[in-house]
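# Secondary and tertiary structure notes
Below are the chains, spelled out letter by letter.
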Amino acid sequence: MTMVLPEILYKGSVKNVRGNAGEDYVFFEFSDRYSIFDWGEMPDLIEGKGESLAKFTDAIYSFLESTTSWKEWSIPDIYNKYVVDALQSSSAFKKLQENGMRTHRFPHDARLGNCWKVKKVNVPEIKNKKYEFFLTKPVDTLVPLEVIFRFGTPSGSSLLKRLKKNPDYMYSLGLKQAPQEMDFFDRPVIEFSTKLESSDRYISAVEAMQMAGLSQDEFNLLQSYASILAIKLREKFAQMDLELWDGKFEFSFIEGINQRDFLLVDSMGPDEVRLTYQNMHLSKEVLRQVYVGSDWHTKIDEYKLKSDNWQQEMKSEKLEPTLLPKNVKESVVAMYQLLADSVGSYFLNGKLAEDKFLTMVKDLKESLAKGSK
């Protein structure tokens, strides 16, 4: 029996937010829509994607919330020793060992299907890139940042493109030399982009701290959470022979002792993380690669520089994405289901039907190869 949901309060490019005024919770409705390159809703629907995203994210959040998975865990010594020591002694690590990672998710109700019940968080409206509101030190409010972690530079990594334009940027990331495609870092590299503007833009750590109204201690806590959670997830995915390259976290401010703390919010699915299996992408990157080099894709950066309403201007000039090739679409449907089933089983129960998993990956790889021709 399914649950009757309240009206839609907000329709995003991928998720709907449903709720009632006066209640302290809302519902995330994961749709079959997808979005790439900040375009918004693309012309295709990926059947079953919403249910797959809900299942995948539920497994990830359950794993990160569980105190059992943190109590006896320590950060692997495969990373830079200075970074490991700093994270191991951080307040973020102590909090995770004591409480797990706190999230906005309520315990999952099977009747909700492709929906989640989550704690309501204030999302301020930002106009003209003015962030004075965050100087008031709000709580129960979205941090206006996407916190991006990177373990390397796989094919399609935007970092390589940005470093080509500004080679000196690598020093602000703590890198000693410019990475090449398929390089790995000796620690998670953390970047920041805006969350509440019409298009995401990468910003420096200093600008991120000032924009969000963070104290130095709060900023350190946020960075430490992101690094430790990323390492934890990478280790777990590696046990499935999946390589986690990068991803993003979103947080909200909550009350803390002496300073504000953070709650993990939004979702954590194949649209938020980049995974590969034997160099084969198993994430939204598959969809991005279909459009790379198309007339529509090559014009996006040009129009972004012209106007905040760049999508509408492109549409008015008939510069829009085409439909996916049929074979690719069918393969992507299978990919989302494969990830949801496999990650759900392994993260929650420690079990993986390896033969079935490998067979499905092989079939997916062959199908994608045919569909891209």
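Residues numbered from 1 in each chain as written. Predicted model: local features only at pLDDT ≥ 70, side-chain atom pairs only at ≥ 80, totals over all residues. Heavy atoms only, no water.

This brings us to the pattern of salt bridges. Tallying each qualifying case throughout the model produces 34 salt bridges. In this structure, Glu218 engages Arg260 in a salt bridge whose closest nitrogen and oxygen atoms are separated by 3.0 Å. Of this pair, Glu218 sits in helix α8 (residues 216–238) while Arg260 is found in the loop between β9 (243–254) and β10 (261–265), placing the two residues 42 residues apart along the sequence. What makes Glu218 buried here is its relative accessible area of 5%. (Salt bridge = Lys/Arg side-chain N within 4 Å of Asp/Glu carboxyl O. Helix = DSSP H or I, 4+ residues; strand = E, 2+ residues; numbered from the N terminus. Buried < 20%, exposed > 50% of the residue type's maximum accessible area, 1.4 Å probe, protein only.)

With that settled, the discussion passes to unusual backbone geometry. A positive phi angle, close to 70 degrees, is found at Asp266, a residue other than glycine. Checked against the element boundaries, Asp266 lands in the loop between β10 and β11 (273–277). For Asp266, a relative accessible area of 11% gives the class buried. Of note in the backbone geometry, Lys318 takes a positive phi value of approximately 60 degrees without being a glycine. Its location among the elements puts Lys318 in the loop between α11 (310–316) and α12 (326–349).

Counted according to the given criterion, the structure contains 23 aromatic pairs. A centroid spacing of 6.2 Å and a plane angle of 70 degrees characterise the contact between Tyr25 and Phe106, whose relative ring orientation is edge-to-face. Of this pair, Tyr25 sits in strand β3 (residues 25–30) while Phe106 sits in the loop between α4 (91–99) and β4 (115–119), and the two are 81 residues apart along the sequence. Both rings, one in Tyr291 and one in Trp296, keep their centres 5.4 Å apart while their planes meet at 75 degrees; by these two values the pair is edge-to-face. Judged on exposure class, the residue Tyr291 and its partner Trp296 are both buried. The side chain of Arg162 reaches across the aromatic face of Tyr202, ending 3.6 Å from its centre. Stacked on the ring of Phe151, the Lys or Arg Arg234 has its end atom at 4.7 Å from the ring centre. (Phe/Tyr/Trp six-rings, centres within 6.5 Å; stacked < 30°, edge-to-face > 60°. Lys NZ or Arg CZ within 6 Å of the ring centre and 35° of its normal.)

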